[in-house]
Number of protein chains: 4
Amino acid sequence: MSRPGRKSRGRAIDNTNVRAQVSDVTLVQQRREQIVEAAVELFSKQGFYRTTVQEVAARAGMSTGSIYHYARTKEDILLLALLSVLHSYATEIPHALEGVTDPMERLWRAVGAYCKVIDSRRAATVLAYRSTKSLPRKQQEMVKDAELETNTLIADCVADCRSAGLIRDVDVAMATHLFVMFAHSWALKHWRLQESMSRAEFLRDGFDILFTGIATPAGLEKYAGLMKSLEKAGAA
Amino acid sequence: MSRPGRKSRGRAIDNTNVRAQVSDVTLVQQRREQIVEAAVELFSKQGFYRTTVQEVAARAGMSTGSIYHYARTKEDILLLALLSVLHSYATEIPHALEGVTDPMERLWRAVGAYCKVIDSRRAATVLAYRSTKSLPRKQQEMVKDAELETNTLIADCVADCRSAGLIRDVDVAMATHLFVMFAHSWALKHWRLQESMSRAEFLRDGFDILFTGIATPAGLEKYAGLMKSLEKAGAA
Amino acid sequence: MSRPGRKSRGRAIDNTNVRAQVSDVTLVQQRREQIVEAAVELFSKQGFYRTTVQEVAARAGMSTGSIYHYARTKEDILLLALLSVLHSYATEIPHALEGVTDPMERLWRAVGAYCKVIDSRRAATVLAYRSTKSLPRKQQEMVKDAELETNTLIADCVADCRSAGLIRDVDVAMATHLFVMFAHSWALKHWRLQESMSRAEFLRDGFDILFTGIATPAGLEKYAGLMKSLEKAGAA
Amino acid sequence: MSRPGRKSRGRAIDNTNVRAQVSDVTLVQQRREQIVEAAVELFSKQGFYRTTVQEVAARAGMSTGSIYHYARTKEDILLLALLSVLHSYATEIPHALEGVTDPMERLWRAVGAYCKVIDSRRAATVLAYRSTKSLPRKQQEMVKDAELETNTLIADCVADCRSAGLIRDVDVAMATHLFVMFAHSWALKHWRLQESMSRAEFLRDGFDILFTGIATPAGLEKYAGLMKSLEKAGAA
DNA sequence: CATGAATGAGAGTTCATTCAT
DNA sequence: AATGAATGAACTCTCATTCAT
């Protein structure tokens, strides 16, 4: 109950503009967590349209009527679910960077953490790609904003590497985009990728190409050192 | 009527295992083209579930009943639509490679053509990501197979570059994956990317990073030469 | 409300394997009685296929959607209706035998009660003949089982008569079959029979032939006595 | 092609008031035989409502459009099919009586032939019970008339037996009704009866009860003689 | 606040019938 | 006379949402 992911999810659900009919703030938060957990699971497995509100209610352990005290429409539930997933990403990455100061290592860790959290909720990631367009325009914007939050975390690492002279004069936005899509693609193309590689291999080989593609000679040297030390750590 | 895209779409629709109630082959092909055109448009804009078969029929200029002479279920229509889009990709790329023999240039052209055809049917590309999971498992496989078709085209170019000593000892599958996701991402993240770059810039900058990431020194030299000649051609 | 027919119908509806979406047992029973009453009436008059679920709902005083909370398919409604009718038969006969111990008289009363209850629900009886085959195989079995229930009641009476030496060495199953078909035929051929006889005449003349066909001399004597006493009772 | 059944069916189809759009009489008759054969088979197996006109057309080896040159509606096809079956019954019985003059034996043969022809087309017999009510009132009358035709054949035999002093003073109509229902019941309850008896046993035991029920002492004696001679014939 | 039965508009699909060829 | 593609009304069933308790 005290995992940061949880807390963050709770906070996300709070800031959602999805107004509830119930005034007790703590209760709202608790019920929405129940709903979101059920919704993420069901929507991810069955898709948004194939899942009924009744099913969500049952899985969340409450009545159909109660659902509508905490979300105005089925689409509100979807929004809650998507934001919950997206915010959990935005929480995991900083967590992985805590105490790490080296820009090279920070970038490596950030991308690695992103891949890892996506791996742990692959179906939910695919859900975001499938279902965002099912939302009203305004809510789509909220999802995109949440996505940008994560993007910024990666972008900051990229920018720091550039300031540190590790990467050459490439568009930070483009480099970020490639790293982000790389992480997402582990979920999107998991059906194909899993046949030929593990997540660790995927991360190592993909990061290698992307970083090599943007690195300065100094950056490459640093990168080689990092990899070597990781190998040693891995071997130990 | 003789555009290769058309022709290919026709062929794709033929090989679909979606059996029709009508025996006249030409008629089936023609009607399915009507249906597919309407379906791609409507599904792309509104999503699969928000679009009714009635709407597809109306847009295709036929009655509800007629639709069901050419597709057994609404999902069949979706399959037809997705395969049509995917096959059109698989047709455009070879078209762009006709007469080009240099491996470096072939890779560049293949990725460029992929980005271009995706750009021209962005909504349909997103549709494939959103809706494939709405299909029965068997039909999902067909969509994945069609996607692999295109993948192979890119993979062949990558492999040729490697044989030619232009790229280093990286996993061809991984490199291909990155190029493919790169092309797809133009559609998937168009809402964000379009703000800061044109498709040409996107292609140039992204390809630069990815190719640099996999190139040998010889490959980098060759790449520089290609870019210079393209610039000249562009300037002329 | 305390008529035995009612009670039996309720019980029958309970034991039906037709699962409802609603948990309140009393409510389910009550709503199903409404539905069954409407269904028997409409199906009997118009036939199963010519009757829409909407019509049944309207006549039952509820919405289309509600119907589907108490029966999973239109065929479930038919099953409920047929079982209700069949079970009402199986209830009327024991009722008519209460307190009667003489085997001869029991047989006479059983057949008479069967004819009477069939007469009172002629259309429903014909419905069973018309519509059982419209049911899925499993549900057809349930209907047949229910029919056998009634058969057994008659068969028991026949067997008792034989034990009592009133009927000769004929196949009990065959004799039962003839009595049962005799009763059913009052509904099946009512269009023709009603022109030339009343139900009482039908029963008297038909029973006379069938019983004479199976009786021992002792049985015939007993039968003559019974008829005489009934005549007297009728005359009084 | 020269079997009497065929001929009769042809005649029946002619006298049907189902008007065709085609004038060539021979052609109409031939096509209707095709249609009827297909319809009896499909309606019997699947039921009237579960069978489509398209299916009937396909099985009859003609196009959907052609069907409508020989029957105005789907119900016309049903009428044609039912009358065909009913008339085939009315033809088989006289056939079985040819050259037989003894009233006792004629009755036995008539009932036997009825059971036999019903046995050979059990599904079609059940079809008549299921589907007659699906017809417009006028056409229902035609079916009933056709049924009465057969009834009359049996009734005549019964009446002759009575004139010959073989049966006692019972209502001829009632006796006929019992014999007819007895024959029909072989098809209607075949699912149950087949488990415990063959058609020959069914006929022997059932006829025994019914005839005993109506016979005079003289009739019983005659009947015993007939049975003995049949046994001998059977044994030889 | 919580419940869950009730609602009814709306979706996909079928098929008897028509009619241009 | 024959064809078979086209039609569209009509049906069954679903499910987001409401509201009396």
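Residues numbered from 1 in each chain as written. Chains lettered and ligands numbered in written order. Predicted model: local features only at pLDDT ≥ 70, side-chain atom pairs only at ≥ 80, totals over all residues. Heavy atoms only, no water.

**Digging into the interface of chain D and chain C**
Piece 1. Contacts between the two partners involve 38 residues from chain D, matched on the other side by 38 residues from chain C.
Piece 2. Carbon and sulfur atoms make up 65% of the surface buried where chain D meets chain C, a total of about 3,600 Å² over both sides.
Piece 3. For the chain D face of the interface with chain C, the top three residues by lost area are D:Arg130, D:Met174 and D:Ile209, together amounting to 18%.
Piece 4. For the pair chain D and chain C, the number of links is 8 salt bridges.
Piece 5. For D:Arg168, the salt bridge is made with C:Asp208, and the minimal N-O distance between the two is 2.9 Å.
Piece 6. Inspection of the chain D/chain C interface yields 18 residue pairs in polar contact (both at pLDDT 80 or more).
Piece 7. For the side of chain D that touches chain C, the class distribution of residues is 18 nonpolar, 8 polar and 12 charged. (Contact = heavy atoms within 4.5 Å. Buried area = accessible area lost by both parts, 1.4 Å probe. Salt bridge = Lys/Arg side-chain N within 4 Å of Asp/Glu carboxyl O. Polar contact = N/O pair within 3.5 Å; in protein donor to acceptor, adjacent residues only side chain to side chain. Nonpolar A, V, L, I, M, F, W, Y, C, P; charged D, E, K, R; others polar.)

**Quick notes on the pattern of salt bridges**
Should their charged atoms come close, side chains of opposite charge can pair.
Piece 1. Scanning all chains against the criterion turns up 44 salt bridges over all chains.
Piece 2. Put simply, B:Glu105 and B:Arg109 hold a salt bridge, and the shortest N to O gap is 3.2 Å. Highlighted residues: B:Glu105 and B:Arg109, both in helix α6 (residues 103–120), separated by 4 residues, approximately one helical turn.
Piece 3. The partly exposed category is assigned to B:Arg109, whose relative accessible area is 35%.
Piece 4. When the shortest N-O distance is used, the salt bridge between B:Arg199 and B:Asp119 registers 3.0 Å. Of this pair, B:Arg199 sits in helix α11 (residues 199–214) while B:Asp119 is found in helix α6, placing the two residues 80 residues apart along the sequence.
Piece 5. Here B:Arg199 falls in the partly exposed class, since its relative accessible area comes to 29%.
Piece 6. Since its relative accessible area comes to 19%, B:Asp119 is described here as buried.
Piece 7. Among the ionic contacts, a cluster of salt bridges with common partners joins A:Asp119, A:Arg122 and A:Arg199. (Helix = DSSP H or I, 4+ residues; strand = E, 2+ residues; numbered from the N terminus. Buried < 20%, exposed > 50% of the residue type's maximum accessible area, 1.4 Å probe, protein only.)

**Here's the deal with the packing of aromatic side chains**
Piece 1. By the definition in use, this model includes 42 aromatic pairs over all chains.
Piece 2. Arranged with centres 5.1 Å apart and planes meeting at 70°, the rings of B:Phe48 and B:Tyr49 form a pair that is edge-to-face.
Piece 3. Residue classification places B:Phe48 among the buried positions, given a relative accessible area of 5%.
Piece 4. The class of B:Tyr49 is partly exposed, set by a relative accessible area of 29%.
Piece 5. Both rings, one in B:Phe182 and one in B:Phe202, keep their centres 4.3 Å apart while their planes meet at 10°; by these two values the pair is stacked. A residue pair is termed long-range when its members are at least 10 positions apart, and B:Phe182 in helix α9 (residues 172–188) and B:Phe202 in helix α11 qualify at 20 residues.
Piece 6. A relative accessible area of 2% places B:Phe182 in the buried class.
Piece 7. Note on B:Phe202: relative accessible area 0%, which makes it buried.
Piece 8. Among the aromatic residues, those joined into a ring-pair cluster are A:Phe43, A:Phe48, A:Tyr49, B:Phe43, B:Phe48 and B:Tyr49.
Piece 9. Geometry around A:Trp191 places A:Arg192 over its ring, the cationic atom sitting 5.2 Å from the centre. (Phe/Tyr/Trp six-rings, centres within 6.5 Å; stacked < 30°, edge-to-face > 60°. Lys NZ or Arg CZ within 6 Å of the ring centre and 35° of its normal.)

**Here's the deal with helix α12 (residues 217–235) of chain D**
Residues and elements named next belong to chain D.
Piece 1. Look at α12: 27 Å from first C-alpha to last across 19 residues, which is about the 27 Å you get at 1.5 Å a residue.
Piece 2. Buried within α12 we find Gly219, Tyr223, Leu226 and Met227. Each buried residue of α12 sits inside an arc of 100° when the element is viewed along its axis, so together they form one side. With respect to the buried face of α12, the exposed residues turned more than 90 degrees away are Pro217, Glu221, Lys228, Glu231, Lys232 and Ala235.
Piece 3. Residues of α12 that are buried in the fold lie against α6 (103–120) and α11 (199–214). (Expected span 1.5 Å × (residues − 1). Arc of directions from axis to C-beta.)

**Things to note about the packing of helix α5 (residues 74–97) of chain A against helix α7 (residues 122–131) of chain A**
All names here are of chain A.
Piece 1. Look at α5 against α7: their axes get within 10 Å of each other, and the N-to-C directions meet at 130°. The angle between α5 and α7 falls in the class oblique. For the crossing formed where α5 meets α7, the hand is left-handed. Contacts from Leu78, Leu82, Val85 and Tyr89 of α5 reach α7 at Ala124, Thr125, Leu127, Ala128 and Ser131.
Piece 2. The class makeup of the residues in the contact of α5 with α7 is 7 nonpolar, 2 polar and no charged. (Axes fitted to C-alpha atoms, helices over the stretch in contact; angles between N-to-C directions. Parallel < 35°, antiparallel > 145°, perpendicular 65-115°, else oblique. Left-handed = near helix turned anticlockwise from the far one by under 90°.)

**What to know about the confidence of the model for chain A**
Residue and element names in this part refer to chain A.
Piece 1. The pLDDT averaged across chain A works out to 90; a share of 91% of its residues lies at or above 70.
Piece 2. At the low end of the mean pLDDT range in chain A sits helix α1 (residues 4–14), at 36; at the high end sits helix α9 (residues 172–188), at 98.
Piece 3. Every residue in residues 1–15 is under pLDDT 50, and counting partners more than four places away or in other chains gives 23 contacts. (pLDDT = per-residue confidence, 0-100.)

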